[in-house]
Amino acid sequence: MGSKQKIGLIGGGQIGGNLALLSMQKQLGDVVLYDIPAAEGLVKGKALDINQLAAVDGYDCRVTGTTDWKDVAGSDVVIITAGMPRKPGMTREDLLEVNLKIMKDVASNVKTHCPNAFVINVANPLDAMVYALFKITGFKKHQVLGMAGVLDTARFKFFVAEALNVSIRDIEALVLGGHGDDMVPLLRHSTVGGVPLTELLRKDALDAIVDRTRKGGGELVALYKTGSAYFAPAASAIAMAESFVFDRKRVLPAAALLEGQYGIKDFFMGVPVQIGAGGVEKVIELQLNDAEKAELQKSFASVKKTVDEVKL
Ligand code: APR
């Protein structure tokens, strides 16, 4: 491989810090961890701490903590976690106003300083924030993605592994739609070691797993009380970044720009995409039955309602 990639992490909070750690452990490249001036000590401290971890494990990458966009300039990958997390009792949509203001600042800086980056948004409400990012930057559709499907699918897989007492590795699953409580776990497309999930679990058990997956983010918010999930969200965004950096061409669910696929146009929503060195190399449209189509449309209606409130 040629020179090291530059990974710009915007937001150095709970998810941002874990993104920096995982980027180092997977040796994705040199990391720049950016946050606002009020959080300078936080990002400089996390950078120093992780660089010292690199000395323990012998990694050749470096993390820089900064409050200056100039240090982020020229990043090959940008992952955005700048924004407020939920507190108990809040929906992701309740974050729209405050996080849109932050996204306007972040997106215009990404546009100026990292015009060629592959950009993954993690901030919530996910599908509306990635839409705002796309519109503000004016970036090409293959450059912009939202992270939600990998996380939602991971939650689903974990609950299945627990219910069946099987290895999580053998579970294939897919969760489509918006990153909200009406996301669509596709049971018909889920298998355990190739065996359809519907043959292994009874309907009531499956329904319970679907319900817990849909409310998976809220379950963590209720436990943490001061914020939302961060380990699995960070790992999910890193899986996407890794596929780009190493041109793995993985097929992962993510919020991509739809241009008529699934009957949806000019909105971002969770669908299977292929991620490689070209960014979003393909949006995959799979055949859904009528019930699945109806569920996806319901999820889209929620996404659209929030996006319609995005004033740029
Ligand atoms: N530019 C850069 N960073 C910012 C900005 C900004 N304009 N505004 C706020 N931040 C930073 C905060 O200073 C904070 O350090 O974003 C960071 C957010 O970190 P946390 O509060 O720990 O939130 P986290 O758990 O990481 O979640 C971030 O991802 O999953 C979503 O819903 C979640 O929207 C939330 C986001």
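Residues numbered from 1 in each chain as written. Predicted model: local features only at pLDDT ≥ 70, side-chain atom pairs only at ≥ 80, totals over all residues. Heavy atoms only, no water.

### Here we look at the overall build of the protein chain
Then, in step 1: Regarding its fold elements, the protein chain presents 10 helices and 14 strands.
Then, in step 2: Over its C-alpha trace the protein chain gives a radius of gyration of 19 Å, about what one expects of a compact globule, namely 20 Å for 312 residues.
Then, in step 3: Along the longest, intermediate and shortest principal axes, the C-alpha atoms of the protein chain span 50 × 45 × 40 Å.
Then, in step 4: The buried share among the 312 residues of the protein chain stands at 53%.
Then, in step 5: Once local pairs closer than 6 in sequence are excluded, the contacts in the protein chain between residues at least 24 apart make up 70%.
Then, in step 6: Just so you have it, the protein chain exposes about 13900 Å², and 52% of that area is on carbon and sulfur atoms.
Then, in step 7: The averaged location of the 36 negative side-chain charges in the protein chain is 2 Å from the averaged location of its 36 positive side-chain charges. (Helix = DSSP H or I, 4+ residues; strand = E, 2+ residues; numbered from the N terminus. Rg over C-alpha atoms; globule rule 2.2 N^0.38 Å. Buried < 20%, exposed > 50% of the residue type's maximum accessible area, 1.4 Å probe, protein only. Contact = heavy atoms within 4.5 Å. Areas by Shrake-Rupley, 256 points an atom, 1.4 Å probe, with all protein chains shown as cover. Lys, Arg positive; Asp, Glu negative; His and termini not counted. Charge placed at Lys NZ, Arg CZ, Asp CG, Glu CD.)

### Examining the domain arrangement of the protein chain
Then, in step 1: If you check the domain split of the protein chain, you get domain 1 (5–146) and domain 2 (149–307).
Then, in step 2: Here the C-alpha centroids of domain 1 and domain 2 sit 22 Å apart.
Then, in step 3: Taken residue by residue, the interface counts 37 residues in domain 1 and 44 residues in domain 2.
Then, in step 4: Each partner contributes to the roughly 3400 Å² buried at the junction of domain 1 and domain 2, and carbon and sulfur atoms together form 72% of this total.
Then, in step 5: For the interface between domain 1 and domain 2, the tally reads two salt bridges.
Then, in step 6: With its nearest N and O atoms 3.6 Å apart, the salt bridge here joins Glu242 to Lys26.
Then, in step 7: Where domain 1 touches domain 2, the interface holds five residue pairs in polar contact (both at pLDDT 80 or more).
Then, in step 8: Elements with a contribution of two residues or more to the side of domain 1 that touches domain 2: strand 1 (5–10), helix 1 (14–25), strand 4 (77–80), strand 5 (118–121), helix 5 (126–137) and strand 6 (144–146).
Then, in step 9: Residue composition of the side of domain 1 that touches domain 2, by class: 21 nonpolar, eight polar and eight charged. (Domains from an automatic or database assignment. Buried area = accessible area lost by both parts, 1.4 Å probe. Salt bridge = Lys/Arg side-chain N within 4 Å of Asp/Glu carboxyl O. Polar contact = N/O pair within 3.5 Å; in protein donor to acceptor, adjacent residues only side chain to side chain. Nonpolar A, V, L, I, M, F, W, Y, C, P; charged D, E, K, R; others polar.)

### Re the packing of helix 4 (residues 96–113) against helix 5
Then, in step 1: Remark: helix 4 packs on helix 5, axes separated minimally by 9 Å, with the N-to-C direction vectors making an angle of 35 degrees. As helix 4 packs across helix 5, the resulting crossing turns out to be right-handed. Across from Leu96, Asn99, Leu100, Met103, Lys104, Ala107, Ser108 and Lys111 in helix 4, the residues of helix 5 making contact are Ala128, Met129, Ala132, Leu133, Ile136 and Thr137.
Then, in step 2: By residue class, the composition of the contact of helix 4 with helix 5 is nine nonpolar, three polar and two charged. (Axes fitted to C-alpha atoms, helices over the stretch in contact; angles between N-to-C directions. Left-handed = near helix turned anticlockwise from the far one by under 90°.)

### As for unusual backbone geometry
Most of the time, phi is negative for any residue but glycine, and the peptide bond is trans.
Then, in step 1: Cis geometry is adopted by the peptide bond preceding Pro125, which originates at Asn124 and carries an omega value of -5 degrees.
Then, in step 2: Topologically, Pro125 is positioned in the loop between strand 5 and helix 5.

### Quick look at helix 5
Then, in step 1: Look at helix 5: 16 Å from first C-alpha to last across 12 residues, which is about the 16 Å you get at 1.5 Å a residue.
Then, in step 2: The buried fraction of helix 5 is high, at 11 of 12 residues.
Then, in step 3: Those residues of helix 5 that fall on the buried side of the exposure criterion are Leu126, Asp127, Ala128, Met129, Val130, Tyr131, Ala132, Leu133, Phe134, Ile136 and Thr137.
Then, in step 4: Two residues or fewer after helix 5 comes Gly138, characterised by a positive phi angle close to 70 degrees. (Expected span 1.5 Å × (residues − 1).)

### Examining the sheet that holds strand 7 (residues 171–172)
Then, in step 1: As summarised here, the arrangement of the three strands in space is 7-10-11, forming an open sheet in which the pairing is antiparallel. Among the strands making up the open sheet, the edge pair consists of strand 7 and strand 11 (195–196).
Then, in step 2: Both strand 7 and strand 10 (residues 191–192) contribute to a ladder of two bridges, which runs antiparallel. Paired with Ile171 across the strands is Val192, a residue of strand 10. (Pairing = 2+ DSSP bridges.)

### Describing the nonpolar core
Then, in step 1: Ile10, Ile79, Ile80, Val110, Leu145 and Met240 are the most contacted members of the largest nonpolar core, which has 90 residues in total.
Then, in step 2: Here this core gets nine residues from one element, more than from any other, and that element is helix 5.
Then, in step 3: Of the domains in this structure, domain 1 (5–146) and domain 2 (149–307) are the two that each give at least three residues to this core.
Then, in step 4: Not counting residues within four places of it along the chain, the set of residues in contact with Met240 comprises Phe118, Ile120, Leu145, Gly146, Met147, Val150, Leu252, Ala254 and Ile275.
Then, in step 5: Ranked by size, the runner-up nonpolar core spans 14 residues in total, among them Phe156, Leu197, Leu206 and Ile209. (Core = buried A, V, L, I, M, F, W, Y, C linked by side-chain atoms within 4.5 Å.)

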